[in-house]
Structure formats: structure tokens, C-alpha cells
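Architecture and fold: a report
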Amino acid sequence: MTVTLITGANKGIGYETARQLLRLGHRVYIGARDVERGRKAAAELGARFVQLDVTDDASVGGALATIDADEGRLDVLVHNAGVLETALDASAALRSFDTNAVGVVRVTEAALPLLRRSASPNVVTVSSSAGSFWAVTNPERPEFHLSLALYAASKAAATMLTVQYAKSQPGIRFNAVEPGPTATDMTAAFGIGRPVEESARVVVRLATLDATGPSGTLQDEAGQLPW
């Protein structure tokens, strides 16, 4: 059975990704900062819960230690936890990068020993085309008109970190994904987005790549995106 950890999975795309992967036979660990919400989500889905705050070293270490004790390995890691700050100041910048970019490093570094024990290790970062230099400088793309500097910059960092991990860890597949504009709590203020079921399918496609799949890419539902 494929052992999967999804961060920030008590709601939104992470929750729906967990649901779809459970249907495919994965043993899914719901990582969530809030214990009550995380346990509730895991119970609803039939998943397992680990308390995991991607901005806290001890929390991350504890979550991976639990999975190590229970499973002895990790096959799939989905970096889904994220924040969207609309302000542009130093405090908002620290929150954005600590969650969206540094969190990728914290969890990946803690997970690497477990991933190396998998026969087919796979890491997926839920990133965004808002962090694609190609998209934000192309007037024909919707990202050109977004004014979300910290979100875009932190997602650009998350994608680059994913690509660099792919280069430094050739035995593990690392890919970033643009799931598409999605109606979640995070985007509620903008009143945009499609159902989470559609966007989660894009994440699931990369989370279920076999050993011959690509690594070091940024993809959406149509395939690889330029940076």
C-alpha cells in the first residue's frame, strides 16, 4: 500500500486530494496544524492524522517520526500547506515565505530518510503559475493582472526549491503543480475558482506518477509549463 503524507490537508485542495488518493488505495496521513480540525478531517475521510505545522521544526519532526514508527517509509509527499497574504509588508512577507517556501524545506528534509526507503518515492509541491516568470510577464495570461506580490514570489521560490531538489535527489521524483484557480477558503475573498474536485485531480495525477515519470517540472492539467 502506498503511504502518503499531505500537508495542510484538513480542507480545500489538500482534503480533496486525500479523498481521491484514498479511493485509489493509498494510506493517507492528513497533516494539519489544528489538531481538532485535522482529526475531524481524517475521521471523515478514513485517513490518519498527524499534527503538522510546516512553520515549526518540532512539529514537523514529530509528524515524520510518527509516520516512521507506524510505516517505516514514506512513498508520496504532497506539499499543500500554504497562505495567501494580500498585504505587502515585512510581517506578511515572513509569514508567506515561512509557510510557502521554507515549509517545503522543513518537511522535505525531515521526510528524506523515509522517502529513501520507498521503492518509488514521489514529492509534489502545490505551487502556482502566479510564480511563473513567463506567465506574470505575458499580457495574455491572467497571472499578468494579479497583484499578489508575496504569494507569487513565495510560490516562485517553492517551484525553484522543488526543481533544485529534483537535481540533488535523482532517486526521488520532485514536481511542482499548478492546480488551477480553485474555490477554497483562501480564495473566497476573490470570488473565483472551480470546484476543488477538478483541481485535486491535477495534483493526484502527479502524486501517482510511476518510476518512469518526469522530475523537476512545473505542470498544470495540460502538461509542463514554462517558468
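Heads up: the structure comes first, above all this text.
Here the residue numbers are simple positions, counted from 1 along each chain's written sequence. For a predicted model such as this one, the threshold for reporting local features is a pLDDT of at least 70, and the threshold for listing and counting side-chain atom pairs is 80 or more; totals across whole chains, interfaces and linings nevertheless cover every residue. Hydrogens and water molecules were not included; the side-chain quantities draw on all heavy atoms of the structure.

Notes on the sheet that holds strand S5 (residues 122-126)
For two strands to pair, DSSP has to find at least two bridges joining them. Helix numbers and strand numbers start at the N terminus; a helix is a DSSP run of H or I with at least 4 residues, a strand a run of E with at least 2. Read from one edge to the other, the open sheet built from eight strands follows the order S3-S2-S1-S4-S5-S6-S7-S8, with strand pairing classed as mixed. Strand pairing shows two members of the sheet lacking a second neighbour, strand S3 (48-51) and strand S8 (223-224), which therefore form its edges. Of the strand pairs in this sheet, strand S6 (residues 173-177) and strand S7 (residues 217-220) are connected by three bridges, and their pairing is parallel. Counterpart to asparagine 175 in the pairing with S7 is threonine 217. Whether two residues touch is decided by their heavy atoms; if any such pair falls within 4.5 Å, the residues are in contact. Here, axes are lines fitted to C-alpha atoms. For helices the fit covers the stretch in contact, and angles between N-to-C directions go from 0 to 180 degrees. Relative to S3, helix H2 (residues 35-45) is tilted by about 165°, and along the sheet it contacts strand S2 (27-32) and S3. Seen against the sheet, helix H7 (residues 196-207) touches strand S4 (76-79), S5, S6 and S7 and runs at an angle of roughly 155° to S5.

Some remarks on the nonpolar core
Take the buried residues of types Ala, Val, Leu, Ile, Met, Phe, Trp, Tyr and Cys, join any two whose side-chain atoms come within 4.5 Å, and each joined set is a nonpolar core. For every residue, the accessible area (1.4 Å probe, protein chains only) is compared with the maximum for its type, and the residue is labelled buried under 20%, exposed over 50%, or partly exposed between those bounds. One finds Ile6, Val28, Ile30, Val78, Val177 and Val203 to be the most contacted residues of the largest nonpolar core, which totals 25 residues. If one sorts the elements of this core by residue count, H7 sits on top with five residues. When near neighbours in sequence (up to four residues on either side) are disregarded, isoleucine 30 contacts Ile6, Ala9, Asn10, Ala18, Gly38, Ala42, Leu45, Ala47, Arg48, Phe49 and Val50. In this structure, Tyr29, Ala63, Ile67 and Ala166 belong to the second largest nonpolar core, which totals 22 residues.

Remarks on the packing of helix H4 (residues 90-115) against helix H6 (residues 149-168)
As a packed pair, H4 and H6 sit with axes 9 Å apart at the nearest point and diverge in direction by 15°. The orientation of H4 relative to H6 falls into the category roughly parallel. Two packed elements cross with a definite hand, and for H4 against H6 that hand is right-handed. Across the interface between the two elements, Ala92, Ala93, Ser96, Phe97, Asn100, Ala101, Val104, Val105, Thr108 and Glu109 of H4 pack against Leu150, Tyr151, Ala153, Ser154, Lys155, Ala157, Ala158, Leu161 and Tyr165 of H6. Relative orientations are named as follows: roughly parallel for angles under 35 degrees, roughly antiparallel for angles over 145 degrees, roughly perpendicular for angles from 65 to 115 degrees, and oblique for any other angle. Should the near helix be turned anticlockwise from the far one by less than a right angle, the crossing is termed left-handed; should it be turned clockwise, right-handed.

Concerning H7
Helical geometry note: an α-helix holds 3.6 residues per turn, so side chains three or four residues apart project in the same direction. To estimate the expected span of a helix, count its residues, drop one, and scale the result by 1.5 Å. Along its 12 residues, H7 runs 16 Å from first to last C-alpha, staying within 8% of the 16 Å computed at 1.5 Å per residue. Along H7, the residues classified as buried are Val196, Ser199, Ala200, Val202, Val203, Val204, Leu206 and Ala207.

A few points about the pairing of S2
Of all six residues in S2, five are buried, a share of seventy percent or more. By the bridge criterion, five bridges tie strand S1 (residues 3-7) to S2 in an arrangement that is parallel. Looking at the pairing, threonine 7 lines up with glycine 31 of S2. For crossovers, right-handed means that the path from the first strand over the helix to the second runs clockwise, given strands pointing away from the viewer. For the handedness criterion, the β-α-β arrangement of S1, helix H1 (residues 12-23) and S2 is classed as right-handed. The pairing of S2 with S3 spans four bridges and is parallel.

Regarding the environment of alanine 153
Tracing the sequence through the fold places alanine 153 in helix H6. Between the C-alpha atom of alanine 153 and that of serine 132, which follows or precedes it by 21 residues, the distance is 9.1 Å.

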